[in-house]
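Given next are the chains, with one letter for each unit.
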Amino acid sequence: FQIHLWLGTGLGLYVLVISISGSAILLKSPFYRMFEPSSLTAPVGVVPLSGDALIARMKQVYAGYEVGFTFPTYDPGKATYVVLNRDGEYFPHYFNQFTGEDQGIANPWPVRAVEWVADLHDDLFLGRNGRRINGVGGALFVLMSLSGLILWWQGRTRWYEGLMLQRKSSRGLMWQLHSFFGFWALLLMIAWGVSGFQLGFPRVMEQLVNWLDTTPDDFEQPDSLLRFFRSVHFARAGEGPWARYAWIAASFIPTLIFVTGFVVWWKRVVVRWFRAGA
């Protein structure tokens, strides 16, 4: 209980940051589609600019800038990528090769905001050291989850109470929510924690797998299990927008578990402590 309690309270803010930022990362692809001006409608019968004619038109449109790297597209529904240079600063843009007009900046602020959140989630703005911290956090997250599983057991006569939410229960709503989501999301949380540790310490995980696996060339257990954990971590299971929305909702589960656990702890410990002091 003490292990679960102090890991939960100590890692609370960290879990909130990682959970919320991980949810935001899943919006990365939709944000690119929504805010990056890379898509266009090809006019019927219009020949797109290319080669020297394309560069000449860009120099007219972007007067005052030096036209640098250009990446012509072979998809008629995509604009040409161009990097502009002025006074040592670089500005990526998209250029409409059909109309000869600027489409807009290639990294608008919503995209930059998602990239900022991704850096926070992956490396905590600390580079490789931040990824190692996330690796340690992943290991502690697994320990916290497993200790919660031990606490979840209510005995042979009441074990089922942790599997459902009941209106007539001796437990409060917050306790029920904490127990319910903690049990049913246990596999998710272990997958997130183990894969987070692997991303932070890949060589340590490789050595551990080689020690556990007597036949490393068969690519079976535990390699397949780690691949499954990575697919869960990066939300690769399922296709389509509904699968993405489901993963976004699932990524908020650690936040919900922390909030409900904190409320239970506050009522049972802090409030009683204040009342005893009074």
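We now examine the packing of helix α2 (residues 12-25) against helix α6 (residues 128-152). Pairs of packed helices are described in terms of their axes, by the angle between the two and the distance that separates them. Closest axis-to-axis distance for the α2/α6 pair is 12 Å, and the angle between their directions is 110°. Here α2 is positioned roughly perpendicular relative to α6, judged by the angle of their axes. Here α2 contributes Tyr-14, Val-15 and Ile-18 to the contact with α6, which in turn contributes Ile-133, Asn-134, Gly-137 and Phe-141. The residue inventory of the contact of α2 with α6, partitioned by class, reads 5 nonpolar, 2 polar and no charged.

Bringing the sheet that holds strand β4 (residues 101-105) into the picture now. One open sheet holds the 4 strands; their spatial order is β1-β2-β3-β4, and the pairing between them is antiparallel. Looking along the sheet, the strands with just one partner apiece sit at the ends: β1 (66-71) and β4. Between one strand axis and the next, the sheet turns by 35° as a mean value, whatever way the strands run. As defined by bridge partners, strand β2 (residues 80-86) adjoins strand β3 (residues 89-96) across 7 bridges and the pair is classed as antiparallel.

A complete count under the given rule lists 3 salt bridges for this structure. For Lys-28, the salt bridge is made with Glu-115, and the minimal N-O distance between the two is 3.6 Å. Taken together, the positions of Lys-28 in helix α3 (residues 28-35) and Glu-115 in helix α5 (residues 109-123) put the pair 87 residues apart, joining distant regions of the chain. According to the relative accessible area criterion, Lys-28 is partly exposed, its value standing at 26%. Between Glu-161 and Arg-158 there is a salt bridge, with the nearest N and O atoms lying 3.4 Å from each other. Residue Arg-158 is classed as partly exposed on the basis of its relative accessible area, which comes to 29%.

Further remarks concern helix α11 (residues 241-251). Where α11 is concerned, the buried positions are Ala-243, Trp-247, Ile-248, Ala-250 and Ser-251. One side of α11 holds all its buried residues, which, seen down the axis, span an arc of 165°. Within α11, the exposed residues directed more than 90 degrees away from the buried face are Pro-241 and Trp-242. Close packing links the buried residues of α11 with α2, α8 (186-200), α10 (223-233) and α12 (253-277).

How each quantity is defined
- Residues numbered from 1 in each chain as written.
- Predicted model: local features only at pLDDT ≥ 70, side-chain atom pairs only at ≥ 80, totals over all residues.
- Heavy atoms only, no water.
- Axes fitted to C-alpha atoms, helices over the stretch in contact; angles between N-to-C directions.
- Helix = DSSP H or I, 4+ residues; strand = E, 2+ residues; numbered from the N terminus.
- Parallel < 35°, antiparallel > 145°, perpendicular 65-115°, else oblique.
- Contact = heavy atoms within 4.5 Å.
- Nonpolar A, V, L, I, M, F, W, Y, C, P; charged D, E, K, R; others polar.
- Pairing = 2+ DSSP bridges.
- Salt bridge = Lys/Arg side-chain N within 4 Å of Asp/Glu carboxyl O.
- Buried < 20%, exposed > 50% of the residue type's maximum accessible area, 1.4 Å probe, protein only.
- Arc of directions from axis to C-beta.

Function-wise, these values are silent; they only describe arrangement.
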